[in-house]
2 protein chains.
Amino acid sequence: MKDPAPSRPARLADVARLAGVSAATASRALNGSDRGVREANRVRVLEAAKSLGYTTNIAAQAVARGRARGVTLVVKGMPDDYANPITAGVVSATQRRGLPFTLILAGTAPADLVEAVNLVRSHRPEILVIAGGRATDDVTIPALVEALRRYEAEGGRAVLITQEGLPFDTVAYANRKGGYDMATTLAGLGYRNFAVVSGFKHGITQRDRTEGFVAGLADAGIELPADRILIGDFNRDAAYAMTGDLLRRNVAVDAIFAVNDSMALGVLTFLRDTGDPRRVAVAGFDDIKALRDVTPSLTTVHLSWEQVADEALELAVSPRSDSPRTRVVEGHVIVRESTPPVVS
Amino acid sequence: MKDPAPSRPARLADVARLAGVSAATASRALNGSDRGVREANRVRVLEAAKSLGYTTNIAAQAVARGRARGVTLVVKGMPDDYANPITAGVVSATQRRGLPFTLILAGTAPADLVEAVNLVRSHRPEILVIAGGRATDDVTIPALVEALRRYEAEGGRAVLITQEGLPFDTVAYANRKGGYDMATTLAGLGYRNFAVVSGFKHGITQRDRTEGFVAGLADAGIELPADRILIGDFNRDAAYAMTGDLLRRNVAVDAIFAVNDSMALGVLTFLRDTGDPRRVAVAGFDDIKALRDVTPSLTTVHLSWEQVADEALELAVSPRSDSPRTRVVEGHVIVRESTPPVVS
DNA sequence: AATCCTAGCGGAAAGGCTTTCCGTCGTTGC
DNA sequence: GCAACGACGGAAAGCCTTTCCGCTAGGATT
């Protein structure tokens, strides 16, 4: 137990020797296998391992097995965005299943994602989950598809958490419907003059949410002038700035729909920094946890990210199917203080 | 470029064959080495790799080299706590240096941390960073120290982001001083009746912050009755509940210091949910990003987590020293709306 | 008692990469 | 024109684990 720290890690052969068995038996005893090991030997191996402070060399294990255990998640974008609910969901879903977890961050440029997938390929994990919306003008899609194809051909299982449409198992969430429902809800509350704070032009997530919202308004008999749809970066600070641009134009607006909660918070904070936030209603999308602590509490589309992540892992561990499967998780509108009923 | 997806990943030998060189040369060309490779060969190898869609098998590389490139971060606690600034800091510091990053989550029990370190050992990464405070009554410290000793003896570099005191390179942040400064600042603003919302009993972070705060009050001639220090779990929801307990006791309190921002948000939200938030001042600690979007904006102790993470990596990549080094990062109080000057 | 199974074990190969050690070849210096 | 040297390529020996396959011993079966 207290031997002087070795200058190289104990390896399986050391354990085997100390336990008086072969490396093969030690391997079976330590890291499981269908083959049986006599109880007495199993115990001796475990004790030997403990006394040597042995830990399996995961890299060697991965080489021998041809694949590393666990889930690798690729996330687009910045790490300090506290409002990344997908990551949190995947992490905890992975934990629940007792799978090792690795996070790889990709840059925000489309090509970065391809690069990240290839980095993942070099790790050879069993499961690869990619989170984050696509863009319509993404010229790297063919390259991405090819990289993922290769990954799957090599025996990995890829699942996308994003819009449907790529030839891989996908968990999507109902962006369009969420936007639609939000629109009808807000209209039902009495709002009439809307603006949408949206993300950069070609992002499919923001496009779908925006289109759904516009469609919902239309069905409620409200038309949204094109100049009321603001386009900027897909984050809080951009939303903050866009709100300023909007209000400086002095247009009549009584409700702003931001295509995600982070952006809604930017809108809310801008309104607060410059006047009474109650004057203009604000709604978001995602229902991130941070919403609990802001005032007014924010109306949003609730999405169960836990469920999204769970379905993703379920797809990943289920037997491979011949054609890609898609699961869609639906959200529902939660009305809170930021959109009080309009009294007229 | 467009060969049908292979059923097994291309390996180095395939690249070498296609390029018409040996595996040794291909290795040198692709993954660097002190040895030179003739330019013409280098180019041919790179082209061959590209056309085969080759990615280095990182596991095999790690086996051969005896160590895996990159940084592994061990974090204690829940993933969905959006207010974990250390993780964000380490992730982006790691990105900046172009190092591969892996995240391992440990449970909240002390023994989980030891287990996590051993899991890391089995990955054999160059650098291990552990984030998260210790507890005074942690009986697993010897086991933790032994696991880390082994890791370092095996050639790894461990850095702790936590309180000083363990025999490893450490980046600490000035908890006591921050608490002290916060106390004198609040006293200077005119507050007299304080309460502290603190985390579970034996956590050193919360203890130091609390003790510093008490000391600061004492130096300002204010005594804090013991029953004004509330102990609960170290998170927002517990703080929310504790605030209720406190106010139900109907004690005179005009300012509450929460030992971190997450908890301060819980306090703030409780106050808001049940009355006028302005009645009691609230201060936190950490200056997490989410603060920007709450009202009233929160007085807190700003800590540069980027700097903390940066110093940690700097320690990790610098030559090993014979005795453990400690760097302390200091914070400073930022007064915001949640603690307006007292008018008397 | 003779035969057949089966569980358990060990030797050895495989898995993909790095790195050392030589050998070769072209270049430099005199 | 020759010797010495430096640069580079390749064969092969690792690195550590898993897994295939063959073998033994002991129990079950008849």
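Residues numbered from 1 in each chain as written. Chains lettered and ligands numbered in written order. Predicted model: local features only at pLDDT ≥ 70, side-chain atom pairs only at ≥ 80, totals over all residues. Heavy atoms only, no water.

### Considerations on the overall build of chain A
Phase 1 of the analysis: What chain A contains, in helices and strands, is twelve helices and twelve strands.
Phase 2 of the analysis: Here the C-alpha radius of gyration of chain A, 26 Å, is well above what a compact globule of 344 residues would show, namely 20 Å.
Phase 3 of the analysis: Counting every position in chain A, which comprises 344 residues, the buried fraction comes to 54%.
Phase 4 of the analysis: On chain A, roughly 14,700 Å² of surface is accessible, and the fraction owed to carbon and sulfur atoms is 53%.
Phase 5 of the analysis: Distance between charge centroids for chain A: 9 Å, based on 41 positive and 40 negative side chains. (Helix = DSSP H or I, 4+ residues; strand = E, 2+ residues; numbered from the N terminus. Rg over C-alpha atoms; globule rule 2.2 N^0.38 Å. Buried < 20%, exposed > 50% of the residue type's maximum accessible area, 1.4 Å probe, protein only. Areas by Shrake-Rupley, 256 points an atom, 1.4 Å probe, with all protein chains shown as cover. Lys, Arg positive; Asp, Glu negative; His and termini not counted. Charge placed at Lys NZ, Arg CZ, Asp CG, Glu CD.)

### Looking at the side chain of B:E154
Residues and elements named next belong to chain B.
Phase 1 of the analysis: By secondary structure assignment, the location of E154 is in the loop between α7 (141-153) and β4 (157-161).
Phase 2 of the analysis: A relative accessible area of 8% places E154 in the buried class.
Phase 3 of the analysis: Of note is the side chain of E154, whose polar atom sits 2.4 Å from the side chain of R121. (Polar contact = N/O pair within 3.5 Å; in protein donor to acceptor, adjacent residues only side chain to side chain.)

### Focus: the relation of the copies chain A and chain B
Put simply, the two copies of the chain differ by a rotation about an axis and a shift along that axis.
Phase 1 of the analysis: Laying chain A over chain B is done by rotating through 180° and shifting 0.0 Å along the axis; what remains is an RMSD of 0.1 Å. Here the two chains are linked by the operation of a two-fold rotation axis.
Phase 2 of the analysis: Both copies share a contact surface, since 100% of the interface residues of chain A are interface residues in chain B too. (Least-squares fit on C-alpha atoms with pLDDT ≥ 70 in both. Contact = heavy atoms within 4.5 Å.)

### Considerations on unusual backbone geometry
For residues besides glycine, phi is generally negative; the peptide bonds are generally trans as well.
Phase 1 of the analysis: Following A:T295, the chain continues into A:P296 via a peptide bond in cis, with omega recorded as -15°.
Phase 2 of the analysis: By the secondary structure assignment, A:P296 is in the loop between β9 (281-283) and β10 (300-302).
Phase 3 of the analysis: Phi at A:D287 is positive, roughly 55°, even though this residue is not glycine.
Phase 4 of the analysis: When you line up the elements, A:D287 lands in the loop between β9 and β10.
Phase 5 of the analysis: A:D287 gets classed as buried once you look at its relative accessible area, which sits at 17%.
Phase 6 of the analysis: In this model, B:R124 sits at a positive phi of 50°, which is unusual for a non-glycine residue.
Phase 7 of the analysis: As for its placement among the helices and strands, B:R124 is situated in the loop between α6 (110-123) and β3 (125-131).
Phase 8 of the analysis: By relative accessible area, B:R124 is classed as buried at 6%.

### Examining the protein's contact with DNA strand D
Phase 1 of the analysis: Around DNA strand D, the surrounding shell holds 25 residues, and the nearest of these are A:L12, A:S27, A:Y54, A:Q61 and B:N41.
Phase 2 of the analysis: If you look at DNA strand D and keep only atoms within 4 Å of the protein, 61% of those are sugar or phosphate atoms.
Phase 3 of the analysis: A:Q61 places a polar side-chain atom, nitrogen or oxygen, 2.5 Å from a phosphate oxygen of DNA strand D.
Phase 4 of the analysis: Between DNA strand D and the protein, one listed contact pairs a phosphate oxygen with a side-chain N or O atom of B:N41 at 2.2 Å.
Phase 5 of the analysis: Of all the secondary structure elements, the ones that give two or more residues to the surface near DNA strand D are α2 (23-31) and α4 (58-65) of chain A together with α2 (23-31) and α4 (58-65) of chain B. (Near = heavy atom within 4 Å.)

### Looking at the environment of B:D181
All names here are of chain B.
Phase 1 of the analysis: Here D181 is to be found in helix α8 (residues 175-188).
Phase 2 of the analysis: A relative accessible area of 22% means that D181 is categorised as partly exposed.
Phase 3 of the analysis: Along the sequence, D181 and G331 sit 150 residues apart, while their C-alpha atoms lie 9.5 Å from each other.
Phase 4 of the analysis: Separated by 2.8 Å, the side chains of D181 and K177 make a polar contact.

### A closer look at the interface of chain A and chain B
Phase 1 of the analysis: Listed by partner, the interface residues are 51 residues for chain A and 52 residues for chain B.
Phase 2 of the analysis: Carbon and sulfur atoms make up 53% of the area that chain A and chain B hide from each other, which totals about 4,700 Å².
Phase 3 of the analysis: Linking chain A with chain B are four salt bridges, by the criterion used here.
Phase 4 of the analysis: Residue A:D237 is joined to B:R292 by a salt bridge in which the shortest nitrogen-to-oxygen separation is 3.2 Å.
Phase 5 of the analysis: There are 18 residue pairs in polar contact (both at pLDDT 80 or more) connecting chain A and chain B.
Phase 6 of the analysis: The element that contributes the greatest number of residues to the side of chain A that touches chain B is α4(A), accounting for five residues.
Phase 7 of the analysis: Among the residues forming the side of chain A that touches chain B, the class breakdown is 22 nonpolar, 14 polar and 15 charged. (Buried area = accessible area lost by both parts, 1.4 Å probe. Salt bridge = Lys/Arg side-chain N within 4 Å of Asp/Glu carboxyl O. Nonpolar A, V, L, I, M, F, W, Y, C, P; charged D, E, K, R; others polar.)

### Topic: the sheet that holds strand β4 (residues 157-161) of chain A
The pairing of strands in a sheet happens through backbone hydrogen bonds and is either parallel or antiparallel.
Residue and element names in this part refer to chain A.
Phase 1 of the analysis: Judged by pairing direction, the sheet is parallel, and its six strands sit side by side in the order β2-β1-β3-β4-β5-β11 without closing on themselves. The open sheet terminates on both sides in strands that have one partner only, identified here as β2 (101-106) and β11 (326-329). For this sheet, the mean angle separating the axes of adjacent strands, direction not counted, is 20°.
Phase 2 of the analysis: Bridge analysis of strand β1 (residues 68-76) against β2 gives six bridges, and the strand direction is parallel. Among the inter-strand pairings, K76 is bridged to a residue of β2, identified as A106. (Pairing = 2+ DSSP bridges. Axes fitted to C-alpha atoms, helices over the stretch in contact; angles between N-to-C directions.)

### Quick word on the packing of aromatic side chains
All names here are of chain B.
Phase 1 of the analysis: If you walk through the whole model with that rule in mind, you get eight aromatic pairs over all chains.
Phase 2 of the analysis: Look at Y173 and W305: their rings are 5.1 Å apart centre to centre, the planes differ by 75°, and that puts the pair in the edge-to-face class. Here Y173, found in strand β5 (residues 169-173), pairs with W305, found in helix α12 (residues 305-317); they are 132 residues apart in sequence, far enough to count as distant. Across the pair, exposure class does not vary: Y173 and W305 are buried alike.
Phase 3 of the analysis: Seen in terms of ring centroids, F213 and F257 are 4.4 Å apart; in terms of plane orientation they differ by 15°. Their pairing is stacked. Of this pair, F213 sits in helix α9 (residues 204-219) while F257 sits in strand β8 (residues 255-258), placing them 44 residues apart in sequence.
Phase 4 of the analysis: Note on F213: relative accessible area 0%, which makes it buried. (Phe/Tyr/Trp six-rings, centres within 6.5 Å; stacked < 30°, edge-to-face > 60°.)

### Some points on the sheet that holds strand β6 (residues 194-198) of chain B
Residue and element names in this part refer to chain B.
Phase 1 of the analysis: Read across the open sheet, the four strands follow the order β7-β6-β8-β9; overall the sheet is parallel. This sheet does not close on itself; its edge strands, each paired only once, are β7 (229-231) and β9 (281-283). Pairs of neighbouring strands in the sheet enclose a mean axial angle of 20°, with direction left out of account.
Phase 2 of the analysis: Two strands pair when backbone bridges link them, and β6 and β8 are joined in this way by four bridges, in the parallel orientation. When the sheet's bridge partners are listed, A195 is paired in β8 with I256.
Phase 3 of the analysis: Packing against the sheet, α9 makes contact with β6, β7 and β8, and its axis sits at approximately 170° to β6.

### Here's the deal with the packing of helix α10 (residues 236-248) of chain A against helix α11 (residues 261-273) of chain A
Residue and element names in this part refer to chain A.
Phase 1 of the analysis: For the pair α10 and α11, interaxial distance at closest approach is 7 Å and the crossing angle is 50°. In terms of their interaxial angle, α10 and α11 are classed as oblique. In terms of crossing hand, the pair formed by α10 and α11 is right-handed. Together, R236, A239, Y240, M242, T243, G244 and L247 of α10 and S262, M263, G266, V267, T269, F270, L271 and D273 of α11 make up the contact between the two elements.
Phase 2 of the analysis: Residue composition of the contact of α10 with α11, by class: eight nonpolar, five polar and two charged. (Parallel < 35°, antiparallel > 145°, perpendicular 65-115°, else oblique. Left-handed = near helix turned anticlockwise from the far one by under 90°.)

### As for the domain arrangement of chain A
Phase 1 of the analysis: Partitioning chain A into structural domains gives domain 1 (12-56), domain 2 (67-173 + 305-329) and domain 3 (175-303).
Phase 2 of the analysis: For domain 1 of chain A versus domain 3 of chain A, the separation of C-alpha centres amounts to 60 Å. (Domains from an automatic or database assignment.)

### A short note on the confidence of the model for chain A
Residue and element names in this part refer to chain A.
Phase 1 of the analysis: When pLDDT is averaged along chain A, the result is 89, and 94% of the positions lie at 70 or above.
Phase 2 of the analysis: For chain A, β2 is the element with the lowest average pLDDT, namely 83, and strand β12 (residues 332-334) is the one with the highest, namely 98.
Phase 3 of the analysis: Low pLDDT, under 50, characterises residues 1-6; the stretch is placed with ten contacts to residues that sit more than four places away or in other chains. (pLDDT = per-residue confidence, 0-100.)

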